[in-house]
Amino acid sequence: MKSAVSNALTIDVEDYFQVSALASHFPRAQWDAVPCRVEANVDRILSLLHEYGAKATFFTLGWVAERYPKLVRLIVMEGHELASHGYGHERASAQTPEAFRADVSLAKAVLEDISGVEIRGYRAPSFSVGAKNLWVHDVLRETGHSYSSSVYPIAHDHYGMPDSPRFPYYLTNGLLEIPVTTVRWAGRNWPAGGGGYFRLLPYPVSRWSLRRVNELDKRSAIFYFHPWEIDPAQPRVDAADARTKFRHYVNLEHMEGRLRRLLGDFAWDRVDQVFLPKA
């Protein structure tokens, strides 16, 4: 039986060669020369969401939007929320406040100009907001954003702030931070909000985790994935190290089937509909 709680489904719209872990193999200056697969993959996702009657929030790179404006307009036309993933997929933790402000301002302007809708949300690439760069929240508020979904309250070798709140909270400046969902078990936070963990672990683990959040915590979850994760035919980077290849390619061939189970087991909507106050 499908859960009665509405959860927020999110897609980080970037292509396979823009992933942080593969950055050394795809320098930014060469991106325009790499064949893109993001448009076809997002088309597949939109069809899947339509099939299941689900809505979602698409955190979209400004770089992608400039090259595929029709795709951005289609996302909005089909009733999904358009939000920002920054312009060039640079980690917030690797930028100065000035550079970050320029990046998110450009992305917001590009997305709004193409779509004709206000961009309220932002997600930092690689969840790169932590204890050392909390100034990000102030810049986001100053640049007109209403919410962020950039903190992952787990311990991870590339990101994470395990001591931060597990559920949405307001900053003193009025910005709402919506952490990616975790499940509390055995005295620690465990990932339950998608990404590589969703591909790595058996689907029943994800279903149990999300149901625990909905039923025990009585809270809505926020879940994420990437368009390249439903694309097992994407070009392989043989030169990448073993850990990167495992994390990036594990179970890509099973991802669409798992998403179908997820869409059938839970109710999904846009971030703004699930978490933001109604006007």
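Basis of the calculations
Residues numbered from 1 in each chain as written. Predicted model: local features only at pLDDT ≥ 70, side-chain atom pairs only at ≥ 80, totals over all residues. Heavy atoms only, no water. Helix = DSSP H or I, 4+ residues; strand = E, 2+ residues; numbered from the N terminus. Rg over C-alpha atoms; globule rule 2.2 N^0.38 Å. Buried < 20%, exposed > 50% of the residue type's maximum accessible area, 1.4 Å probe, protein only. Core = buried A, V, L, I, M, F, W, Y, C linked by side-chain atoms within 4.5 Å. Contact = heavy atoms within 4.5 Å. Patch = residues over 30% accessible without salt bridge, like charges linked within 9 Å, V, L, I, M, F, W, Y side chains within 5 Å. Areas by Shrake-Rupley, 256 points an atom, 1.4 Å probe, with all protein chains shown as cover. Salt bridge = Lys/Arg side-chain N within 4 Å of Asp/Glu carboxyl O. Arc of directions from axis to C-beta. Phe/Tyr/Trp six-rings, centres within 6.5 Å; stacked < 30°, edge-to-face > 60°. Lys NZ or Arg CZ within 6 Å of the ring centre and 35° of its normal. Pairing = 2+ DSSP bridges. Right-handed = clockwise from strand over helix to strand, strands pointing away.

**Re the overall build of the protein**
Then comes step 1: Along the protein, the regular secondary structure elements total 10 helices and 11 strands.
Then comes step 2: Computed over C-alpha atoms, the radius of gyration of the protein comes to 17 Å, within 12% of the 19 Å expected from 2.2 N^0.38 for 279 residues, which places it in the range of a compact globule.
Then comes step 3: With respect to the principal axes defined by its C-alpha atoms, the protein has extents near 45 × 45 × 40 Å.
Then comes step 4: Counting only residues that meet the buried cut, the protein has 55% of its 279 residues in that class.

**Considering the nonpolar core**
Then comes step 1: Core analysis: the largest hydrophobic core is formed by 54 residues, its most contacted members being Phe58, Phe223, Phe225, Leu259, Leu262 and Trp268.
Then comes step 2: Elements that contribute at least two residues to this core include exactly strand E1 (6-13), helix H1 (38-52), helix H2 (62-67), helix H3 (69-77), helix H4 (97-115), helix H7 (203-215), strand E10 (222-225) and helix H9 (255-265).
Then comes step 3: Broken down by element, this core gets its largest block of residues, 6 residues, from H1.
Then comes step 4: Excluding residues within four positions of it along the chain, Phe223 makes contact with Ala8, Leu9, Thr10, Ala192, Gly193, Gly194, Phe198, Leu210, Leu259, Leu262 and Trp268.
Then comes step 5: Of all hydrophobic cores here, the second largest spans 13 residues; its members include Ala92, Phe100, Met161 and Leu175.

**A word on a nonpolar patch on the surface**
Then comes step 1: A contiguous nonpolar patch, built from Leu200, Leu201, Val205 and Phe246 and spanning about 310 Å² of accessible area, is present on the exposed surface.
Then comes step 2: Among the residues examined, Val205 registers a relative accessible area of 35% and is labelled partly exposed.

**Concerning H3**
Then comes step 1: Buried within H3 are the following residues: Leu71, Val72 and Ile75. Taken end-on, H3 shows its buried residues confined to a sector of 100°, consistent with a single buried face. Exposed residues on H3 whose side chains face more than 90 degrees from its buried face are Lys70 and Met77.
Then comes step 2: Residues of H3 that are buried in the fold lie against H1, strand E2 (57-60), H2, strand E3 (81-84) and H4.
Then comes step 3: Remark: Gly79 follows H3 within two positions and exhibits a positive phi of approximately 90°.

**A short note on the packing of aromatic side chains**
Then comes step 1: Across all of its chains, the model carries 16 aromatic pairs by this definition.
Then comes step 2: Ring pairs connect the aromatic residues Tyr16, Phe17, Phe26, Trp31 and Trp63, which therefore count as one cluster.
Then comes step 3: A cation over an aromatic ring shows up here: Arg188 above the ring of Trp190, its NZ or CZ 4.3 Å from the ring centre.

**Let's talk about the pairing of E2**
Then comes step 1: Where burial is concerned, the two faces of E2 agree: the one with Thr57 and Phe59 and the one with Phe58 and Thr60 are both buried.
Then comes step 2: Bridge analysis of E1 against E2 gives 4 bridges, and the strand direction is parallel. Within the sheet, the bridge partner assigned to Ile11 lies in E2 and is Phe58.
Then comes step 3: For the crossover that starts at E1, traverses H1 and ends in the parallel E2, the hand is right-handed.
Then comes step 4: In terms of strand pairing, E2 meets E3 through 4 bridges, oriented parallel. Looking at the pairing, Phe59 lines up with Ala83 of E3.

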